[in-house]
Amino acid sequence: IAPRYVAGIAAADGLDLVAVASRSPDRAATLAARFGTQACSREALIASPAVDIIVNLAAPLDHAAITHAALKAGKHVYCEKPLAASVAEGAALLACADAMKRLLAVA
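Residues numbered from 1 in each chain as written. Predicted model: local features only at pLDDT ≥ 70, side-chain atom pairs only at ≥ 80, totals over all residues. Heavy atoms only, no water.

Our focus in this paragraph is unusual backbone geometry. Going from Lys81 to Pro82, the amide bond is cis rather than trans, its omega being -5 degrees. In this fold, Pro82 is placed in the loop between strand E4 (76-79) and helix H5 (87-100). For Lys101, which is not glycine, the phi dihedral falls at a positive 55 degrees. As for its placement among the helices and strands, Lys101 is situated in the loop between H5 and strand E5 (104-106). (Helix = DSSP H or I, 4+ residues; strand = E, 2+ residues; numbered from the N terminus.)

Quick look at H5 now. With 14 residues, H5 ought to run about 20 Å at 1.5 Å a step, and its terminal C-alpha atoms sit 20 Å apart, in line with that. On its buried side, H5 packs onto helix H4 (63-72) and E5. Trailing H5 by a residue or two, Lys101 shows a phi angle of about 55 degrees, which is positive. (Expected span 1.5 Å × (residues − 1). Contact = heavy atoms within 4.5 Å.)

Interpretation note: all reported values are geometric properties and have no functional meaning in isolation.
Laid out in structure tokens, this is it:
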């Protein structure tokens with residue numbers, strides 16, 4: 001699904017595709033080359049001051065941890081479904097987004 005999302009982001013007015021990240025550096029590099037952007041680690045993407053919004057397309061069981069880290073870093077997050085593996089994890093993410101005054105959306 002990542003190439004579809006990245007193509008949409010790259011083509012959207014008002015959005016700049018800053019970088020792509022993956023647990024697989026080779027996948028990130030291939031996708032980045034395809035769309036003329038840079039590849040980096042998930043941690044670097046989340047820490048980047050150039051990034052305002054994280055689109056979380058990771059494996060479902062990784063969604064909550066990545067979304068939480070992004071919110072804590074001051075990023076808005078759009079997450080592919082599911083948001084989390086449990087209702088409690090989802091509620092914690094909503095509370096974190098609220099506390100950080102960040103937008104959190106899920107597909």
